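# Structural description and commentary
The primary structure of each chain is shown beneath.
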Amino acid sequence: AQSVTQLDSHVSVSEGTPVLLRCNYSSSYSPSLFWYVQHPNKGLQLLLKYTSAATLVKGINGFEAEFKKSETSFHLTKPSAHMSDAAEYFCVVTSYTGTASKLTFGTGTRLQVTL
Amino acid sequence: DGGITQSPKYLFRKEGQNVTLSCEQNLNHDAMYWYRQDPGQGLRLIYYSQIVNDFQKGDIAEGYSVSREKKESFPLTVTSAQKNPTAFYLCASSIDGRFNQPQHFGDGTRLSIL
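Residues numbered from 1 in each chain as written. Chains lettered and ligands numbered in written order. Predicted model: local features only at pLDDT ≥ 70, side-chain atom pairs only at ≥ 80, totals over all residues. Heavy atoms only, no water.

## Observations concerning the interface of chain B and chain A
Basically, it comes down to this: We call two residues contacting when some pair of their heavy atoms lies within 4.5 Å. In this description, buried area is defined as the sum, over both parts, of the accessible area (probe of 1.4 Å) that is lost when the two are combined. One speaks of a salt bridge when a side-chain nitrogen belonging to Lys or Arg is within 4 Å of a carboxyl oxygen belonging to Asp or Glu.
Counting residues at the interface gives 19 residues for chain B and 19 residues for chain A. Both faces considered, chain B and chain A share a buried interface measuring about 1,600 Å² in area, 54% of it formed by carbon and sulfur atoms. Considering only the surface of chain B that becomes buried against chain A, B:Phe99, B:Asn100 and B:Phe105 emerge as the three largest contributors, covering 32% of it. At the junction of chain B with chain A, the criterion picks out two salt bridges.

Here it is in structure tokens:
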């Protein structure tokens, strides 16, 4: 079975402070993992992607994520939040079982950035 | 400027009516997808197409239908059999049908019941 859990439905940070959005996954196969961002009434935009190369993945807008197999985690971080980072963030896991591919979205974390 | 265009942005459906959501892409991508997004939930896959003239059901295909007659176009019909159609619908594409490829998304269509 495959699943993804975003541990916080809502995170609030002050501008200029670090951001941590947590994601745990479960997969019986070697997964690929993504983070996407969604601004209100818009589609999703890819932030970064992990596909079994380097475990620390750098993305756009200063975000990065670290794949930790032993902890089955793929947390998203940013050293310093900006007001424009306020949005909904989705963690996504995909895997190929040998006969079929499976794609699963997390339920999202809403990031609020305050002055 | 390459991308995905969804239309209309807002759509209203009457009881017993079928409605069709448009999705067009000019990225020359082989694969296209339809998702449904409800508040507080992640995206759920309705249908996907890895190549022209072929498509597969996703996790919640009941009450929906699609066609893929052209590479650029993947329209979704919400039929009267879909009893709870109110949602935000997102179309996406990827360079090929492997799920480990990044997907590019349109800006969505919000469907409501009259």
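## Description of the sheet that holds strand S8 (residues 76-78) of chain B
Residue and element names in this part refer to chain B. Convention followed: Any two strands with at least two DSSP bridges between them are considered paired. Helical segments are the DSSP runs of H or I of at least four residues, strand segments are the runs of E of at least two, and each set is numbered from the N terminus. Structural elements are reduced to axes, namely lines fitted to C-alpha atoms, with helices fitted over the stretch in contact, and the angle between N-to-C directions of any two is expressed from 0 to 180 degrees.
Spatially, the four strands line up as an open sheet ordered S1-S3-S8-S7, and their pairing is antiparallel. With one partner strand each, in any of the chains shown, strand S1 (4-7) and strand S7 (64-66) form the two edges of the open sheet. Averaged over all adjacent pairs, the angle separating strand axes in this sheet is 20°, with direction ignored. Alignment of S1 against strand S3 (residues 19-25), held across four bridges, turns out to be antiparallel. Looking at the pairing, isoleucine 4 lines up with glutamine 25 of S3.

## Some points on the state of the cysteines
Residues and elements named next belong to chain A. Here is the rule: Disulfide assignment relies on a single distance test, namely cysteine sulfur atoms paired within 2.5 Å. Accessibility here uses a 1.4 Å probe with only protein chains present; expressed as a share of the type maximum, an area under 20% marks a residue as buried, one over 50% as exposed, and anything in between as partly exposed.
Counted according to the given criterion, the structure contains two disulfides over all chains. Bridging cysteine 23 to cysteine 91, the disulfide has an S-S length of 2.0 Å. With the S-S bond torsion at -70°, the cross-link from cysteine 23 to cysteine 91 turns out left-handed. With cysteine 23 in strand S4 (residues 23-26) and cysteine 91 in strand S10 (residues 87-96), the pair connects residues that are 68 residues apart, well separated along the chain. A single burial state applies to cysteine 23 and to cysteine 91, both of which are buried.

## Some details on the pairing of strand S11 (residues 109-113) of chain B
All names here are of chain B. In the sheet, strand S2 (residues 10-13) pairs with S11 via four bridges, with the strands oriented parallel. Looking at S11, one finds that phenylalanine 12 is bridged to serine 112. In the sheet, strand S9 (residues 87-94) pairs with S11 via three bridges, with the strands oriented antiparallel. By the bridge assignment for S11, phenylalanine 88 is matched with arginine 110.

## Side note on the nonpolar core
Going by this rule: Side-chain atoms within 4.5 Å are what join buried Ala, Val, Leu, Ile, Met, Phe, Trp, Tyr and Cys residues into a set we call a nonpolar core.
Grouped together as the largest cluster of nonpolar side chains are 26 residues, with contacts concentrated most on A:Trp35, A:Phe74, A:Leu76 and A:Tyr89. In terms of residue count, S10(A) provides more of this core than any other element does, four residues in total. Aside from chain neighbours lying at most four places away, what touches A:Phe74 is A:Cys23, A:Leu33, A:Phe34, A:Trp35, A:Leu48, A:Tyr50, A:Val57, A:Ala65, A:Glu66 and A:Phe67. Core analysis: the second largest hydrophobic core is formed by 19 residues, B:Val19, B:Phe74, B:Leu76 and B:Cys91 among them.

## A closer look at the packing of aromatic side chains
To describe a pair of aromatic rings, you give the distance between the ring centres and the angle between the ring planes. Under the convention used in this document: Note on aromatic pairs: the rings of Phe, Tyr and Trp (six-membered ring only in Trp) are paired at centre separations within 6.5 Å, and the planes decide the class, stacked below 30 degrees, edge-to-face beyond 60, tilted for the rest.
If you walk through the whole model with that rule in mind, you get 14 aromatic pairs over all chains. Taken together, a centroid distance of 5.6 Å and an interplanar angle of 80° make the contact between A:Tyr36 and B:Phe105 edge-to-face. One end of the pair, A:Tyr36, is in strand S5 (residues 32-38); the other, B:Phe105, is in strand S10 (residues 104-105), on a second chain. Centroid distance A:Tyr50 to A:Phe67: 4.1 Å. Interplanar angle 15°. Geometry classified as stacked. Of this pair, A:Tyr50 sits in strand S6 (residues 44-50) while A:Phe67 sits in strand S8 (residues 64-68), and the two are 17 residues apart along the sequence. Just as A:Tyr50 is buried, A:Phe67 falls in that class too. In textbook terms, an aromatic cluster arises when at least three aromatic residues are bridged by ring pairs, as seen for A:Phe34, A:Tyr36, A:Phe105, B:Tyr33, B:Tyr35, B:Tyr48, B:Phe99 and B:Phe105.

## Notes on the side chain of B:Ser73
For B:Ser73, the location among the structural elements is in the loop between S7 and S8. Leaving out residues up to four positions away in the same chain, B:Ser73 has contacts with B:Cys23, B:Glu24, B:Met32, B:Ser67 and B:Arg68.

## Regarding the environment of B:Lys71
Tracing the chain through its elements places B:Lys71 in the loop between S7 and S8. For the pair B:Lys71 and B:Asn28, spaced 43 residues apart in the sequence, the C-alpha separation amounts to 7.5 Å.

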